[in-house]
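Structural features, examined
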Amino acid sequence: MPHARSLLRVARRLTSGASAAEDLVQETLLSGWRSFHQFRPDSNIRAWLFRILMNNFYAQGRKLRSVPALVPLTAEDHTFDPVLDEKMEVSRALNTLETDHRTVLLLGVVEGFTCREIAGILNIPVGTVMSRLSRARQTMRNRLSSSSRGLAYAARAIE
Amino acid sequence: MTCSEAASLIPLYLTGELDEARAHEFLRHTHVCADCAREASDQAAFDARMRAAILSEPVDPAAIERRVMQKIAAEKAARTRRWGFAAAGIAALLTIGVYGYRTAFRPYANPTFAAAARDHQLEIENHQPRKWRTDLVSVTEVAAREGISTAEITRLAPASYHFEEGKLCMLNGRLYLHLVYTDAAGNRRVSVFLDGRNQSTGTSVNTSSFGTENVAGFSTGSVTAMVVTDQSRAAAREFARYAASAI
């Protein structure tokens, strides 16, 4: 099923739990199937599906809009792994962003949508997308930077 | 371009959405402004870092896809059932519609039948005055001019009926010989309208009802005829069948 993986990746970062994310994606795909006659062949089906996802997400209100749970760790995650630490840090920093900023980063940076496409998906002006992207990047960089400094300090203390 | 303007354009620069002129202007600024160049470069590096981190997470939509396919199959089946019910409903509506149409608009379906029924009701049942010819000789003279033989007039009624009167009349723009037959008691009066110039083959009897009047029509090789009576439709058909075989 096309784009289900991308939809689920974003949904997991927007909702509070795995089952809420799965429900959201399931409803999105079903809505897409039911309203496929409204899809214009000359438009981008991936952006169209994400627009349905975001509409469903906002329609379901506050119950979905909470800080998402961290992606569960597997057994191998418990060993010291700098790559894994990096993933966890980015993941944690992303989860602390407010929803609007997290959304534009996920759509623009992770899923590769352009600012105009994001504006269409979220039904907001392009200028708003640009300013949210800039602020979201800045916040993430600040948090990752302070986190890295903390880690470096801790590493030096251990030595 | 100022540093503030350049900073605001970084998102569009990173997604490749700057048009050629603005991209050129942006790059010219970053050539001379090390801070803005570093900012653009840092943001691009952050994007790559974030993308790598998030895209490396395992995502398995298989369970969702399975559930969605099941739900789609169920909805398709329900839709087919609904179409089945709808088709049955449409068929029922069509049947009712056709029946209703035939009941309500039958006069328009065969205007000559309707005119004959109306004529019979006004002239025979309501006794509106008309110039009737009661002697058979006079009627057969008129009939001959219309291509109808005396034998056709005398033979067409069953034995229990006898000729009473006749005249020419106009039904729906055509000239007909209107003959009236009465049973022995004089209670049942039947109109027969004959057209000797409109001959067609086929002797099947068609019947229609118009209020209290029942009409049975047929054609033989020599005449086209309509039998009108306020008796039952079956009686009209029976009379017509007899007349068709006798003529």
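So, here is what we can say about the structure in this document. Counting restarts for each chain, with residues numbered from 1 along the sequence as it is written. In the order they appear in the text, chains get letters beginning with A and ligands get numbers beginning with 1. Reporting in this predicted model follows two pLDDT cut-offs: at least 70 for local features of residues, and 80 or more for side-chain atom pairs to be given and counted; totals over whole chains, interfaces and linings ignore these cut-offs and use all residues. With hydrogens and water set aside, each side-chain value is computed from the structure's full complement of heavy atoms.

**A closer look at the interface of chain A and chain B**
- Tallying the contact residues gives 38 residues for chain A and 35 residues for chain B.
- By definition, a salt bridge exists where a carboxyl oxygen of Asp or Glu is found within 4 Å of a side-chain nitrogen of Lys or Arg. Where chain A packs against chain B, one counts seven salt bridges.
- Two residues, glutamate 57 of chain B and arginine 13 of chain A, come together in a salt bridge whose shortest N-O distance is 2.2 Å.
- Definition of a polar contact: a pair of N or O atoms within 3.5 Å, with one able to donate and the other able to accept a hydrogen when the atoms are protein atoms, and with sequence-neighbouring residues admitted only if both atoms are side-chain atoms. Inspection of the chain A/chain B interface yields 13 residue pairs in polar contact (both at pLDDT 80 or more).
- Here a helix means four or more residues in a row that DSSP labels H or I, a strand means two or more in a row labelled E, and each is numbered from the N terminus. Only helix H1 (4-14), helix H2 (18-34), helix H4 (82-95), helix H5 (99-110), helix H6 (115-122) and helix H7 (126-158) of chain A provide two or more residues apiece to the side of chain A that touches chain B.
- It is H7 of chain A that provides the largest number of residues to the side of chain A that touches chain B, a total of nine residues.
- For this scheme, ten residues count as nonpolar: Ala, Val, Leu, Ile, Met, Phe, Trp, Tyr, Cys and Pro. Four count as charged, namely Asp, Glu, Lys and Arg, and the remainder, Gly too, count as polar. Partitioning the side of chain A that touches chain B into residue classes produces 20 nonpolar, six polar and 12 charged. Residues are treated as being in contact if the distance between any of their heavy atoms lies within 4.5 Å.

**Brief notes about the packing of H5 of chain A against H6 of chain A**
All names here are of chain A.
- As a packed pair, H5 and H6 sit with axes 10 Å apart at the nearest point and diverge in direction by 130°. When the interaxial angle is binned, H5 and H6 end up oblique. Like other packed secondary-structure pairs, H5 and H6 cross with a definite hand, here right-handed. Residues Thr103, Val104, Leu107 and Gly108 of H5 touch H6, and the partners they reach there are Ile118, Ile121 and Leu122.
- Of the residues that constitute the contact of H5 with H6, the class distribution is five nonpolar, two polar and no charged. Here an axis means a line fitted to C-alpha atoms, over the contact stretch when the element is a helix, while the angle between two N-to-C directions is reported on a 0 to 180 degree scale. In this scheme, roughly parallel covers angles under 35 degrees and roughly antiparallel covers those over 145, while 65 to 115 is roughly perpendicular and the rest are oblique. Take the far helix as the reference: if the near one is turned anticlockwise from it by less than a right angle, the crossing is left-handed, and if turned clockwise, right-handed.

**Some details on the sheet that holds strand S5 (residues 213-219) of chain B**
All names here are of chain B.
- The pairing criterion is simple: DSSP has to find at least two bridges between the two strands. One open sheet holds the six strands; their spatial order is S1-S2-S3-S6-S5-S4, and the pairing between them is antiparallel. What marks the edges here is a single partner per strand, and that holds for strand S1 (161-171) and strand S4 (206-210). Going across the sheet, the axis of each strand differs from the next one's by a mean of 20°, ignoring polarity.
- Of the pairings in the sheet, the one linking S5 to strand S6 (residues 224-229) comprises six bridges and is antiparallel in character. In the sheet register, glycine 217 faces S6, and the bridge partner there is methionine 226.

**A short note on the packing of aromatic side chains**
- Centres within 6.5 Å are what make two rings of Phe, Tyr or Trp a pair, Trp counting through its six-membered ring; a difference in plane orientation under 30 degrees is then read as stacked, over 60 as edge-to-face, and the rest as tilted. Counted according to the given criterion, the structure contains seven aromatic pairs over all chains.
- Between phenylalanine 50 of chain A and phenylalanine 113 of chain A, the ring centres sit 5.2 Å apart and the planes meet at 75°, which makes this aromatic pair edge-to-face. A residue pair is termed long-range when its members are at least 10 positions apart, and phenylalanine 50 of chain A in helix H3 (residues 45-59) and phenylalanine 113 of chain A in the loop between H5 and H6 qualify at 63 residues. With respect to burial, phenylalanine 50 of chain A and phenylalanine 113 of chain A carry one shared label: buried.
- Ring geometry for tyrosine 161 of chain B and phenylalanine 239 of chain B: centres 5.2 Å apart, planes at 75°, overall edge-to-face. Residue tyrosine 161 of chain B is located in strand S1, and its partner phenylalanine 239 of chain B is located in helix H8 (residues 233-246); the two are separated by 78 residues in the primary sequence. You'll find tyrosine 161 of chain B and phenylalanine 239 of chain B in the same group, each marked buried. Only protein chains enter the calculation, and the probe is 1.4 Å; a residue is then buried if its accessible area is under 20% of its type maximum, exposed if over 50%, and partly exposed in between.

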